[in-house]
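Here is what each chain is made of, one letter per residue.
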Protein chains: 2
Amino acid sequence: MEITRLEPKKRQGLVVVITGNGKGKTTSAMGMALRSAGHGLKVCIIQFMKGDIYSGEWDGVKLLGDLVELTATGKGFCGIQGNPYPYEEHRKNAQEALLLVAEKMASGKFQVLILDEINNALELKLVDLDQVLSILAQRPPELHLVMTGRSAHPDIIAAADTVSEVCEIKHAYRKDIEPQPGIDY
Amino acid sequence: MEITRLEPKKRQGLVVVITGNGKGKTTSAMGMALRSAGHGLKVCIIQFMKGDIYSGEWDGVKLLGDLVELTATGKGFCGIQGNPYPYEEHRKNAQEALLLVAEKMASGKFQVLILDEINNALELKLVDLDQVLSILAQRPPELHLVMTGRSAHPDIIAAADTVSEVCEIKHAYRKDIEPQPGIDY
């Protein structure tokens, strides 16, 4: 059996949104990073509200060499129980992350840009809708833009090419199973 | 800000099912492989019905070195338009893949076992429910088992710890955009 190698007649950047309340949004974005690296594409990942807790993908992407760059920004999820930082600090972190997004997008060095948890950051008003729409407007047509996080804004969904909603059917933590490395973080 | 490093009091293997009709099931499994590799865990991926069309994850996982092993089995999706192989051949391929699953699980070499598209293979009767339940029964308690594919069987969902359903809200192919490397394959 011969292996088919697809190649689209036209390569074009897609806007992909992964939202919903289930497990597998950031995970899915990491899968796209892995798959893109397999194609030799360069990937930039910017995580919002995630600089406080180590997650395996931080070291996982290092194994992919200089094809994938990951920056975790922020100090955890704004407003959730146990997070000690005030709203203003979360907003400042997210606003700084937006500057980084603009810089990376303008660099022309990447074929894939992943904005992890930006939907959440928008929902929590750490970034504004017009700021996110401005990223979409400035996106070079050949750049893939992946946006993850719960509660994606309807205007972002409207602007996207592919949108998946990841719904929780069940989750181990509801049985009091602690998060497990590799699967949950 | 100090970075928190979680460590569960008890490490235990989870059964994770990623199902639904949307984009991001195999992708999510690849993200778990990347994240697991970041933790230094060893991962075995066996893909059902997928040996016919190249996908970027085949080379992506190679970048992760000997932490992740991927075997693509089969000759594409059974019964879909354009697939020239008879049901019997698809079933034979899937049955051989099950032998490989048993072998890899018994080897004790892996902390994560990903059975990509096995839900589909079950739905299409390329494997039988009792065969999949037998994998679950033989799973060592510390092994994470990830099963992807549409139409997960209710008995598999019942046996799982974490189940996500990825629902299509929209997909680029409906606008006649061809699959793009890195994002779609």
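All figures in this text were calculated on a predicted structure; none of them were measured in a lab.

A. Local environment of the side chain of E117(B). All names here are of chain B. Positionally, E117 belongs in the loop between β4 (112-116) and α4 (118-123). Judged by its relative accessible area of 8%, E117 falls in the buried class. Those residues in contact with E117 that lie beyond four places of it in its chain are T26, F48, M49, K50, F77, T148 and G149.

B. Spatial organisation of the interface of chain B and chain A. The interface of chain B with chain A comprises 75 residues on the first partner and 75 residues on the second. Both sides together, the interface formed by chain B and chain A hides about 6500 Å², and carbon and sulfur atoms give 61% of it. On the surface where chain B and chain A come into contact, there are six salt bridges. Across the pair K9(A) and E178(B) runs a salt bridge whose closest N-O atoms are separated by 3.8 Å. At the junction of chain B and chain A, the tally comes to 44 residue pairs in polar contact (both at pLDDT 80 or more). By residue number, the principal contributor to the side of chain B that touches chain A is helix α1 (residues 26-38) of chain B, which donates eleven residues.

C. Region of interest: the packing of helix α3 (residues 87-107) of chain A against helix α5 (residues 129-138) of chain A. All names here are of chain A. Remark: α3 packs on α5, axes separated minimally by 11 Å, with the N-to-C direction vectors making an angle of 5 degrees. Classed by the angle they form, the pair α3 and α5 counts as roughly parallel. From α3, R91, Q95, L98, V101 and M105 reach across to α5, where they touch Q131, I135 and Q138. Its residues placed into classes, the contact of α3 with α5 shows four nonpolar, three polar and one charged.

D. Inspection of the sheet that holds strand β4 (residues 112-116) of chain A at higher detail. Reading across from one edge, β3(A)-β2(A)-β4(A)-β5(A)-β1(A)-β6(A)-β6(B)-β1(B)-β5(B)-β4(B)-β2(B)-β3(B) is the order of the twelve strands in this open sheet, with mixed pairing throughout. In the strand order of this sheet, the two ends are held by β3 (68-72) of chain A together with β3 (68-72) of chain B, each with one partner. The average undirected angle you get between the axes of adjacent strands in this sheet is 15 degrees. Relative to strand β5 (residues 144-148) of chain B, β4(B) runs parallel, the two being bridged by four bridges. Looking at the pairing, I114(B) lines up with V146(B) of β5(B). Docked against the sheet, α3(A) engages β2 (43-47), β3 and β4 of chain A, running at close to 170 degrees with respect to β2(A).

E. The relation of the copies chain B and chain A, seen in detail. Overlay of chain B on chain A (RMSD 0.0 Å): rotation 180 degrees, translation along the axis 0.0 Å. Overall, the copies show the geometry of a two-fold rotation axis.

F. Expanded view of helix α5 (residues 129-138) of chain B. All names here are of chain B. Among the residues of α5, V132, I135 and L136 are the ones counted as buried. End-on view of α5: buried residues confined to an arc of 95 degrees, all on one side of the axis. The exposed residues of α5 that point more than 90 degrees off its buried face are D130, A137 and Q138. In this fold, the buried residues of α5 make contact with β1 (15-19), α3 (87-107), β4, α4, β5 and α6 (154-159).

Calculation criteria
Residues numbered from 1 in each chain as written. Chains lettered and ligands numbered in written order. Predicted model: local features only at pLDDT ≥ 70, side-chain atom pairs only at ≥ 80, totals over all residues. Heavy atoms only, no water. Helix = DSSP H or I, 4+ residues; strand = E, 2+ residues; numbered from the N terminus. Buried < 20%, exposed > 50% of the residue type's maximum accessible area, 1.4 Å probe, protein only. Contact = heavy atoms within 4.5 Å. Buried area = accessible area lost by both parts, 1.4 Å probe. Salt bridge = Lys/Arg side-chain N within 4 Å of Asp/Glu carboxyl O. Polar contact = N/O pair within 3.5 Å; in protein donor to acceptor, adjacent residues only side chain to side chain. Axes fitted to C-alpha atoms, helices over the stretch in contact; angles between N-to-C directions. Parallel < 35°, antiparallel > 145°, perpendicular 65-115°, else oblique. Nonpolar A, V, L, I, M, F, W, Y, C, P; charged D, E, K, R; others polar. Pairing = 2+ DSSP bridges. Least-squares fit on C-alpha atoms with pLDDT ≥ 70 in both. Arc of directions from axis to C-beta.

Any functional reading would require information that these geometric values do not contain.
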